[in-house]
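Topology and contacts: notes
For reference, the chains in residue letters:
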Amino acid sequence: MGIVACRRCTKAQPLGTQTCPRCGHVLQSREPLSLQRVWAFWVLGLMCYIPANIYPMLKTRTLFKVEESTIIGGAVEIAHHGNFGIAAIILIASVVIPLGKFWAVAFLAISVKQRYKVTNHRRQILYEVVEYIGRWSMIDIFVVAILSALVQLKTLASINPGVASIFFALSVIFTMLSAQAFDSRLIWDAEAKDGGPARDER
Amino acid sequence: MKDVVSSELDVELDGLIVCPTCDATYRFEKPANGERAVCQRCHKVLIAPRRNAGLHILAVALAVFFLIIGAAFFPFLTIDAAGNRNAVSILDAALAFSGGPMIFLSLATAALIIFVPLARVILTMYVLVPVVLDRPPARHAIRAFRLSEAMRPWSMAEIFAIGCAVALVKVADLAHVGFGPAFWMFGVLVVLVVAQDSFMCKWSVWNSLEHPKTKRS
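All values reported here derive from a predicted model rather than from experimental measurement. For every chain, the first residue of the written sequence is number 1, and numbering continues from 1 along that sequence. Chains and ligands are labelled by the order in which they are written, letters from A for the one and numbers from 1 for the other. Thresholds applied to this predicted model are a pLDDT of at least 70 for local features of residues and 80 or more for the giving and counting of side-chain atom pairs; totals over whole chains, interfaces and linings are not thresholded and use all residues.

1. Looking at the nonpolar core
Buried Ala, Val, Leu, Ile, Met, Phe, Trp, Tyr and Cys residues form a nonpolar core when they are connected through C-beta atoms within 7 Å. Counting other C-beta atoms within 10 Å of each residue's C-beta, where C-beta atoms are placed from the backbone, gives the exposure class: buried for 20 or more, exposed for 12 or fewer, partly exposed between. Core analysis: the biggest nonpolar cluster contains 122 residues, and Ala145 and Ile146 of chain A have the highest contact counts within it. Counting from the N terminus, the helices are the DSSP runs of H or I reaching at least four residues and the strands are the DSSP runs of E reaching at least two. Take this core: its biggest share by element is 12 residues, from helix H6 (residues 164-181) of chain A. Ignoring anything within four residues of it in the chain, the contact list for Ile146 of chain A reads Ala93, Gly163, Cys164 and Ala167 of chain B. Whether two residues are in contact is decided by their C-beta atoms, placed from the backbone, lying within 7 Å.

2. Section: the domain arrangement of chain B
Interface extent is often summarised as the accessible area lost during association of the parts. Annotation comment: domain bounds sourced from an automatic or database domain assignment. Annotation of chain B at the domain level lists domain 1 (13-47) and domain 2 (53-210). A straight line from the C-alpha centre of domain 1 of chain B to that of domain 2 of chain B covers 31 Å.

3. Side note on helix H1 (residues 53-73) of chain B
Expected span, for any helix, means 1.5 Å times one less than how many residues it has. For H1 of chain B, which comprises 21 residues, the first-to-last C-alpha distance of 31 Å matches the rise-based estimate of 30 Å (1.5 Å per residue) to within 8%. Buried residues along H1 of chain B sit in contact with helix H2 (90-94), helix H3 (102-132), helix H6 (181-199) and helix H7 (202-210) of chain B.

4. Describing the sheet that holds strand E6 (residues 84-88) of chain B
Residue and element names in this part refer to chain B. At least two bridges found by DSSP between two strands are what make those strands a pair. Reading across from one edge, E6-E5-E7 is the order of the three strands in this open sheet, with antiparallel pairing throughout. Either end of the sheet is taken by a strand with one partner, and the two such strands are E6 and strand E7 (176-179). With strand direction ignored, the average angle separating the axes of adjacent strands in the sheet is 15°. For strand E5 (residues 77-81) and E7, the ladder comprises four bridges, and the chain directions are antiparallel. Paired with Ile79 across the bridge in E7 is Val177. Axes here refer to lines fitted to C-alpha atoms; in helices the fit is confined to the stretch in contact. Angles between the N-to-C directions go from 0 to 180 degrees.

5. A few points about the interface of chain B and chain A
Contacts between the two partners involve 56 residues from chain B and, on the opposite side, 54 residues from chain A. Put simply, the parts of the chain that give the side of chain B that touches chain A at least two residues each are strand E1 (16-18), E5, E6, H2, H3, helix H4 (141-150), helix H5 (157-172) and H7 of chain B. If you tally residues by element for the side of chain B that touches chain A, the top one is H5 of chain B, at 10 residues. Among the residues making up the side of chain B that touches chain A, the classes are represented as 40 nonpolar, seven polar and nine charged. Three residue categories are used. Nonpolar comprises Ala, Val, Leu, Ile, Met, Phe, Trp, Tyr, Cys and Pro, charged comprises Asp, Glu, Lys and Arg, and polar comprises the others, including Gly.

6. What to know about the sheet that holds strand E3 (residues 58-62) of chain A
Residues and elements named next belong to chain A. Strand order in the open sheet formed by four strands is E4-E3-E6-E5, and the pairing between neighbours is antiparallel. Strands at the two margins of the open sheet, each flanked by one partner only, are strand E4 (66-69) and strand E5 (152-153). Looking at chain direction, E3 and strand E6 (residues 157-161) are connected through five bridges and run antiparallel. Across the sheet, the residue bridging to Thr60 is Ile159, located in E6. Contacts from helix H5 (residues 139-150) reach E3 and E6, with the element oriented near 145° to E6.

Following this line, the structure appears as structure tokens:
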């Protein structure tokens, strides 16, 4: 149509305008290198996620012993104590959501190039879910922060963060950046190219 | 739903609105207060004006501002085990990862749960006060609002609140845990932050920054 839209304030501008006169946002008809950035952050996130699961997340020191537990180990231990709900929250927030996110972002990025029998609307919803839910993985980091600030009872017991917490935080941040780098308009481009149902709206 | 199909380019660009998620273009027509304009293709809400939204947002923002400051410094949780007592504030929790490379994590946590929400509230007030008073927008108001929107995904106060619940259960069998005043402040804060985001119609704010003389939305 010869226009380019501002993604921050929805205003239309003639094609070729560099920055939005209303809000100053950089205008791009489609983000160049969107997919490259998605994949770069995706790989970084995955690289950080591996040590996050191998190294201990928490170091618990009670009177006589020092315990180091990884993310999954900690959740299993809680489940042994009978708190299945909390174990489930931890497992979902720090294992299921991150893995699901890696899968979802990869799927979206691939589906832009290749054909899948998933409607655009489904993919749009998937993208919105990924963007919304990604932040919730930070919950484990906050739990570690609260625990290690709170449980400092001199000789009796203390909890300290382990190395994995850094990697986990980095992994969450990188996957968030990866999801943000994805230009959701790419989802709809494939349809418009086919001359599909998008026609009547243009 | 006020979407109208536009087919010709000769429509003025001012009369167009483009969906930011799927790039569908519509001829612009302002919905009445309480109505919503939704993208037909991807169902994103484009415009959702409300009556006196500006005032409501400002009131909530002011409350959030004081709650964040209070919640950051008052004791948040106290722990009691065999005569040993420890009380922490949110600031303590955020700065728990001290020493070595963990300092990075401390700063990031502090930013995510205190400074980013605080900055967003201050920017919101800075942008909206002149708009609500029907004055010309403050200097750099546009840049301020853009920054505040960019920070939106990084403001994680509500996630921290759920994190507290998980942490509480984890230590409950180890020691006796009590709530400080900041805990309740934080609970209210989370509700208000969510409310503030749902009142805000971004399009209305941009519009009033661009045409300061128009009525508030």
